[in-house]
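Architecture at a glance
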Amino acid sequence: MCRPQRQEHTINCATTNCISIEEKVLERILLIRLSSLGDIVLTTPAIRAVRSHYPNAYIAMLVAQQSADVLLENPHLNEIIQFNRLAKDTGEMIRILRILRQKQFALTLDFQRKFRTELLMYLSGASERVGKGKLCTIRVPHSEEKHATERYFDVLHAAGIPAEDRQLEMHLSDAERTQARDAFENAGIKEQRLKVGLFPGAGWKLREWMPERFASIGDKLVQNYNAQVIVFGGPNEIELVANVCGLMQEQVYHFAGTLRIRELAAYIEKCNLFLTNDTGPMHIASAVGTPTVALFGPGNHIRFQPLGEMHTTIRHDVPCNPCKQFTDRCKDNICMKKITVDEVWTTICRLLE
């Protein structure tokens, strides 16, 4: 997927803190992150920082095919190269390697920091490779527990690229915003009234707050604020969304299983508030500027909570937090059960008032 090419010039890495990359031509830069939706959104501050430092370079990003749409319309990228993570054979690796070698990247930055991505950098022929392992020309050691955006900044700083602004971003087109407006109008959702989005799903069942508690919050929003409650969900969450809506006593609107990533982003942008579990759409809400209440249980809130004064994280300390990712050993899900309707409601009232 190619974007119109920027005019290319010779770029010198001339910053005073550029420790390991000598002054040289860096016209073609590759960024790599092959993980899930939320992880890609979290790279957007780093993408912006690379463009700011190299305004005339050709910058491409290698991303998972399943999450690539997040980066469409991003003005800081010249090209998005899609990798099919679900491919079971070596054919996909060979295809990607051919593309990377043809592009002749000079500098590669590995935000994934896994052996597979390190190997891709090495075999691409790039002279400067910033990442974790022995195949990198600049190795970035494991850092202390910090937010994911700062971990990506560690990679940039090692390459002499300054980065401070951690604001996420997702660039929507006028057409996408118009489509969202029309969809809300067709559903009977009024522009001038308060709109609150709920996202009861998550990529991991143990991250899900209880459906009846989402429903209780939805009813309170209608009864106390005359809010329009809109429940969202992905293709695997249609039944869950129907359950939440069925448990509500008040009127509710829902969009589940039919929205593509960018449609969901445009719909969330139109909401005045977003209540969500720890999942990809939480990061999308932050990126489009919608105030967010994030419910964290087994996930690592230090690394992944939304940042900024308009967002609030609700969680409770338990001895087993954070869990090993995607484990199924937990039998009581105590970390999510400890989050009560009352404390979520108090937080929402504070934000709305």
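These notes cover the structure that comes with them.

Analysis parameters
Residues numbered from 1 in each chain as written. Predicted model: local features only at pLDDT ≥ 70, side-chain atom pairs only at ≥ 80, totals over all residues. Heavy atoms only, no water. Pairing = 2+ DSSP bridges. Helix = DSSP H or I, 4+ residues; strand = E, 2+ residues; numbered from the N terminus. Contact = heavy atoms within 4.5 Å. Axes fitted to C-alpha atoms, helices over the stretch in contact; angles between N-to-C directions. Parallel < 35°, antiparallel > 145°, perpendicular 65-115°, else oblique. Left-handed = near helix turned anticlockwise from the far one by under 90°. Nonpolar A, V, L, I, M, F, W, Y, C, P; charged D, E, K, R; others polar. Expected span 1.5 Å × (residues − 1). Buried < 20%, exposed > 50% of the residue type's maximum accessible area, 1.4 Å probe, protein only. Phe/Tyr/Trp six-rings, centres within 6.5 Å; stacked < 30°, edge-to-face > 60°. Lys NZ or Arg CZ within 6 Å of the ring centre and 35° of its normal. Right-handed = clockwise from strand over helix to strand, strands pointing away. Core = buried A, V, L, I, M, F, W, Y, C linked by side-chain atoms within 4.5 Å.

**What about the sheet that holds strand β3 (residues 79-83)?**
- In spatial order, the strands read β3-β2-β1-β4-β5-β6; together these 6 strands make up an open sheet with parallel pairing. In this open sheet, the two strands that pair with only one neighbour each are β3 and β6 (138-139).
- Of the strand pairs in this sheet, strand β1 (residues 28-33) and strand β4 (residues 107-110) are connected by 4 bridges, and their pairing is parallel. Residue pairing for β4: I29 is matched across the bridge by L107.
- Its contacts with the sheet put helix α4 (residues 115-124) on β1, β2 (58-64), β3, β4 and β5 (128-131), and the angle it makes with β4 is roughly 175 degrees.

**Quick word on the packing of helix α3 (residues 91-103) against α4**
- At a closest axis distance of 9 Å, the pairing of α3 and α4 adopts a crossing angle of 45 degrees. Between α3 and α4, the angle is such that the two are oblique. Crossing handedness for the pair α3 and α4: right-handed. On α4, the residues touching M93, I96, L97, L100 and R101 of α3 are R116, L120, L123 and S124.
- For the contact of α3 with α4, a count of residues per class yields 6 nonpolar, 1 polar and 2 charged.

**Thoughts on the environment of E128**
- Inspection of the secondary structure puts E128 in strand β5.
- For the pair E128 and L71, spaced 57 residues apart in sequence, the C-alpha separation works out to 24 Å.

**Looking at helix α7 (residues 211-225)**
- Relative to the 21 Å expected for 15 residues at 1.5 Å per residue, α7 spans 21 Å between its end C-alpha atoms, a close match to the ideal helical length.
- Burial in α7 covers these residues: P211, F214, A215, I217, G218, D219, L221 and V222.
- Tucked inside the fold, the buried residues of α7 contact β7 (195-199), β8 (228-233), α8 (238-247), β10 (273-277), β11 (292-295) and α13 (341-352).
- Positive phi shows up at N226, right after α7, with a value of about 50 degrees.

**Points about the sheet that holds β10**
- Read from one edge of the open sheet, 6 strands run β9-β8-β7-β10-β11-β12, paired in parallel fashion. The sheet is open, and its two borders are formed by β9 (253-256) and β12 (312-314), each paired with just one other strand. Taken pair by pair, the neighbouring strands of this sheet meet at an average axis angle of 15 degrees, ignoring direction.
- For β7 and β8, the ladder comprises 4 bridges, and the chain directions are parallel. Among the inter-strand pairings, L198 is bridged to a residue of β8, identified as V231.
- α13 contacts β10, β11 and β12 of the sheet and is inclined by roughly 170 degrees relative to β12.

**A word on the packing of α7 against α13**
- Put simply, α7 and α13 touch, their axes get as near as 10 Å, and they point 40 degrees apart. Crossing geometry of α7 relative to α13 is assigned as right-handed. Each of R213, S216, I217, K220, L221, N224 and Y225 in α7 lies in contact with α13, whose residues at this interface are V341, V344, W345, I348, C349 and L352.
- Its residues assigned to classes, the contact of α7 with α13 shows 9 nonpolar, 2 polar and 2 charged.

**Regarding the packing of aromatic side chains**
- Throughout the structure, instances matching the rule amount to 9 aromatic pairs.
- Here the aromatic rings of F184 and F255 are separated by 5.9 Å at their centres, their planes lie at 15 degrees, and the arrangement is stacked. With a gap of 71 residues between them, F184 in helix α6 (residues 174-187) and F255 in strand β9 connect regions that are remote in the sequence.
- The exposure class of F255 is buried, given its relative accessible area of 13%.
- Here the basic side chain of R28 rests over the ring of Y58, its NZ or CZ set 4.5 Å away from the ring centre.

**So, helix α10 (residues 280-287)**
- The element α10 is largely enclosed, with a buried count of 8 among its 8 residues.
- Contact partners of the buried residues in α10: α1 (37-41), β7, α9 (261-269), β10, β11 and α11 (301-304).
- Trailing α10 by a residue or two, G289 shows a phi angle of about 85 degrees, which is positive.

**A few points about the pairing of β8**
- In terms of residue burial, β8 counts as a mostly covered element, since 6 of its 6 residues are buried.
- Neither face of β8 is open: one carries Q228, I230 and F232, the other V229, V231 and G233, and all of them are buried.
- Note: β8 against β9, 4 bridges, orientation parallel. What sits directly across from I230, in β9, is Y253.
- With α8 bridging β8 and its parallel neighbour β9, the resulting β-α-β unit is right-handed.

**What about the nonpolar core?**
- L31, V50, L109, F111, L156, F232 and Y267 are the most contacted members of the largest nonpolar core, which totals 62 residues.
- Ignoring anything within four residues of it in the chain, the contact list for L109 reads L30, L31, I32, V50, M121, V130, V155, L156, A159 and I161.

**Section: the pairing of β7**
- With respect to burial, β7 is a largely interior element, 5 of its 5 residues being buried.
- Going residue by residue along β7, you find K195, G197 and F199 tucked away on one face and V196 and L198 tucked away on the opposite face as well.
- In this fold, β7 hands off to α7, which returns the chain to β8; that crossover is right-handed.

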